[in-house]
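An overview of the molecular structure
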Amino acid sequence: MSIVRIAMWSGPRNISTAMMRAFENRQDCAVWDEPLYGPYLHLTGIPHPGADDIIADQGREWQPVADACVHHAPSGANVFYQKHMTHHLLPTMDWDWLRKLRNCFLIRDPEEVLASYRRTRPDVTEEDLGIVRQAEIYDYVCGFQSSAPPIVDAKDFLQAPEAYLRALCAHFDIEFTDRMLSWPAGRRDSDGVWGPYWYDAVWASTGFEAYRPRDVTTPPEYEALVARSIAHYDRLRARRLRP
């Protein structure tokens, strides 16, 4: 059986880790948590929490990571799910390896992303939000695929997780299983070493939490940044998956 290598491209502070949990709870799937995080931190020098430990764990070079994404499947799994952060894919890297993956995109309202992100890192850049790079990756993938890759909006997904998971599985030609809807609470060996800084909610979860509207206010100093991100978000959202 050929291996289905899924690359889910998400911005930060989305439901990306919960989505990784859903796929990892399949019996035929192995996952990889943000494999480009170490090379990204090494190349940019950005002071993320636990940066030294992340670089030591993930490595400094992006090319071996890309090679493993397209050639390696942990534990002989038939489905290899890769949780990628869009801003980790730098313009200086060669993106050609994306051609060998089944790419998909997970988006979230930039105002909600900003509000969530600032709880851990008070100074946020456009690069941190990831939506501009996400749009660039989407356009790149559309340039070599005969059909557009699926885009899932987190708000929509949380209102109907099973419907969206079924639609994604159908797109990737894999069988849906209700094991994807819930999982045991706690840490996983597959979780990145950055988990203690970001994963408290996921470690406490046993499934996707129901969507609830967020009452967020964008500080004046971030209004221009958010406006640029929203323009890209709206373009992607207009093309989103609707089961």
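Here's what I pulled together on the structure shown here. (Residues numbered from 1 in each chain as written. Predicted model: local features only at pLDDT ≥ 70, side-chain atom pairs only at ≥ 80, totals over all residues. Heavy atoms only, no water.)

1. Quick notes on empty space enclosed by the protein
Across all of its chains, the model carries 1 cavity of 30 Å³ or more by this definition. Estimates place the volume of the largest cavity at around 80 Å³. Lining the largest cavity are Gly 11, Pro 12, Asn 14, Leu 106, Ile 107, Arg 108, Pro 110, Val 113, Leu 129, Ile 131 and Gln 134. Elements represented by at least two residues in the lining of the largest cavity include exactly strand S4 (102–107), helix H5 (110–117) and helix H7 (131–144). Looking at side-chain class alone, the lining of the largest cavity contains 7 nonpolar, 3 polar and 1 charged residues. (1 Å grid on protein atoms, 1.4 Å probe; cavity = no way out; pocket = protein on both sides within 12 Å on 5 of 7 lines; lining within 4 Å. Points joined across faces, edges and corners; volume = space filled by probe spheres on them. Helix = DSSP H or I, 4+ residues; strand = E, 2+ residues; numbered from the N terminus. Nonpolar A, V, L, I, M, F, W, Y, C, P; charged D, E, K, R; others polar.)

2. Section: the layout of surface pockets
Put simply, the largest pocket is a space of about 1000 Å³. Around the largest pocket, the lining is made up of 42 residues, and of these Arg 13, Asn 14, Ile 15, Arg 108 and Ser 116 lie nearest the centre. Where the lining of the largest pocket is concerned, the elements lending two or more residues are helix H1 (16–24), strand S3 (79–85), H5, helix H8 (154–159), helix H10 (195–198) and helix H11 (200–204). Broken down by element, the lining of the largest pocket gets its largest block of residues, 4 residues, from H5.

3. Things to note about the pairing of S3
Consecutive side chains of a regular strand alternate in pointing toward one face of the sheet and then the other. The buried fraction of S3 amounts to 7 of the 7 residues, a majority that puts the element mostly inside the structure. The two faces of S3 match: Val 79, Tyr 81, Lys 83 and Met 85 on one face and Phe 80, Gln 82 and His 84 on the other face are all buried. Here strand S1 (residues 4–10) runs beside S3; their pairing, made up of 7 bridges, is parallel. By the bridge assignment for S3, Met 8 is matched with Lys 83. The pairing of strand S2 (residues 29–33) with S3 spans 5 bridges and is parallel. When the bridges of S3 are listed, Val 31 appears paired with Tyr 81. (Buried < 20%, exposed > 50% of the residue type's maximum accessible area, 1.4 Å probe, protein only. Pairing = 2+ DSSP bridges.)

4. Structural notes on the nonpolar core
The biggest cluster of nonpolar side chains holds 45 residues, and the ones touching the most others in it are Trp 9, Leu 89, Trp 97, Leu 98 and Ile 137. Looking at this core, the elements with two or more residues in it are S1, helix H2 (37–44), helix H3 (51–58), helix H4 (62–71), S4, H5, H7 and helix H12 (223–237). Examining the composition of this core, we find that 7 residues originate from one element, H7, more than from any other. With residues near it in sequence (within four places) discarded, Trp 97 still touches Trp 9, Leu 36, Trp 62, Ala 66, Cys 69, Val 70, His 84 and Leu 89. (Core = buried A, V, L, I, M, F, W, Y, C linked by side-chain atoms within 4.5 Å. Contact = heavy atoms within 4.5 Å.)

5. Examining the side chain of Thr 17
Examined against the element boundaries, Thr 17 turns out to sit in helix H1. We classify Thr 17 as buried; its relative accessible area is 6%. Ignoring sequence-local partners within four residues, the contact set of Thr 17 consists of Lys 83, Tyr 199 and Val 202.

6. Comments concerning the packing of aromatic side chains
Tallied over the entire structure, the rule returns 11 aromatic pairs. With 5.5 Å between their ring centres and 80° between their planes, Phe 105 and Tyr 138 make a pair best called edge-to-face. Linking Phe 105 in strand S4 with Tyr 138 in helix H7, this pair joins segments that are 33 residues apart in sequence. We note that Phe 105, like Tyr 138, is buried. For the pair Phe 157 and Phe 208, a centre-to-centre distance of 4.8 Å together with 70° between the ring planes defines the contact as edge-to-face. Taken together, the residues Phe 157 in helix H8 and Phe 208 in the loop between H11 and H12 connect sequence positions 51 residues apart. Residue classification places Phe 208 among the buried residues on the basis of a relative accessible area of 15%. Among the aromatic residues, those joined into a ring-pair cluster are Phe 157, Tyr 164, Trp 183 and Phe 208. (Phe/Tyr/Trp six-rings, centres within 6.5 Å; stacked < 30°, edge-to-face > 60°.)

As far as function goes, none of this settles anything; it's purely spatial.
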